[in-house]
Amino acid sequence: MKFTYRVYGMSDSGNCYKVRLLLEHLRAPYEWVEIDTRTGVTRQSEFLAMNPNGRVPLLEWAPGRYLAESNAILYYLAEGSAYWPDASLHRAEALQWMFFEQYSHEPYIAVARFICTLLPPDHVRRAELPRLLERGRQALGVMEQHLTRQAFFAAGTYSVADIALYAYTHAAGEGGFDLAPYGAVRAWIARVESQPGFVPLRAAAT
Ligand SMILES: N[C@@H](CCC(=O)N[C@@H](CS)C(=O)NCC(=O)O)C(=O)O
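This is a predicted model, so every value here is computed, not measured.

About the criteria used
Residues numbered from 1 in each chain as written. Predicted model: local features only at pLDDT ≥ 70, side-chain atom pairs only at ≥ 80, totals over all residues. Heavy atoms only, no water. Near = heavy atom within 4 Å. Polar contact = N/O pair within 3.5 Å; in protein donor to acceptor, adjacent residues only side chain to side chain. Areas by Shrake-Rupley, 256 points an atom, 1.4 Å probe, with all protein chains shown as cover. Nonpolar A, V, L, I, M, F, W, Y, C, P; charged D, E, K, R; others polar. Axes fitted to C-alpha atoms, helices over the stretch in contact; angles between N-to-C directions. Helix = DSSP H or I, 4+ residues; strand = E, 2+ residues; numbered from the N terminus. Parallel < 35°, antiparallel > 145°, perpendicular 65-115°, else oblique. Contact = heavy atoms within 4.5 Å.

## Thoughts on the site of the ligand
Point 1. Residues in contact with the ligand amount to 13 residues; listed here are only the nearest, Arg43, Val56, Glu69, Ser70 and Gln102.
Point 2. One of the backbone N or O atoms of Val56 is found 2.7 Å from a nitrogen atom in the ligand.
Point 3. Glu69 has a polar side-chain atom sitting 2.7 Å from a nitrogen atom of the ligand.
Point 4. Relative to its free-state accessible area of 510 Å², the ligand is covered by the protein chains to the extent of 79%.
Point 5. Within the shell around the ligand, the residues separate by chemical class into three nonpolar, seven polar and three charged.

## Things to note about the packing of helix α4 (residues 88-118) against helix α6 (residues 160-169)
Point 1. α6 packs onto α4 with a crossing angle of 10 degrees between their chain directions and a minimal axis gap of 9 Å. Taken together, the axes of α4 and α6 are roughly parallel relative to one another. Residue-level inspection shows Ala94, Trp97, Met98, Phe100, Glu101, His105, Glu106, Ile109, Ala110 and Arg113 of α4 in contact with α6, the latter providing Val160, Ala161, Ala164, Leu165, Tyr168 and Thr169.
Point 2. Of the residues in the contact of α4 with α6, the class split is 11 nonpolar, two polar and three charged.

Fair warning: the whole summary comes from geometry, so function is off the table for now.
Below is the structure:
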């Protein structure tokens, strides 16, 4: 019998949502194991045995075999599907935007959202917000520039690069970002949300 993918993830996390969104697009069966990272469970030995880096999402792709890092999981699941481009240059473009997401986008937009939504209003980490907002706006500006010329991030067609960037961009308002000045980004968000199999961030996990 074929093994059903098991995803260890936190429903409210954009990194975990990326994996769920792709699995829904692919209509692939999967089991979702809800992990509340705030309890410290990802830093306990049982979880560290599965992912020594102590983070979700984590994909169990075969019994006892695990893959971490949201964008690596996207690549693994998308290969051979319409969500991973065919041409090598287009695959490289997808990777370019997935690395951009992890280095120039997620560390600012996701972290601002984390501080605003999960930490108490008087938390000392609020002091980080001005810098996070400045850097996050730079990332949104780069996306805006690209999206004024192309409908999607790699090869002009919807791919895992869009899934990786959509996860935290559409929720940027929760981190204090105003998307109003980014018209091309907002139009792209609407295009992503009209893709077959799309599910919103807060849909009940299966
Ligand atoms: N680069 C990783 C980031 C994963 C990550 O930071 N996960 C957070 C939830 S969004 C987490 O597990 N935090 C728990 C912890 O750091 O203890 C990815 O893209 O998967």
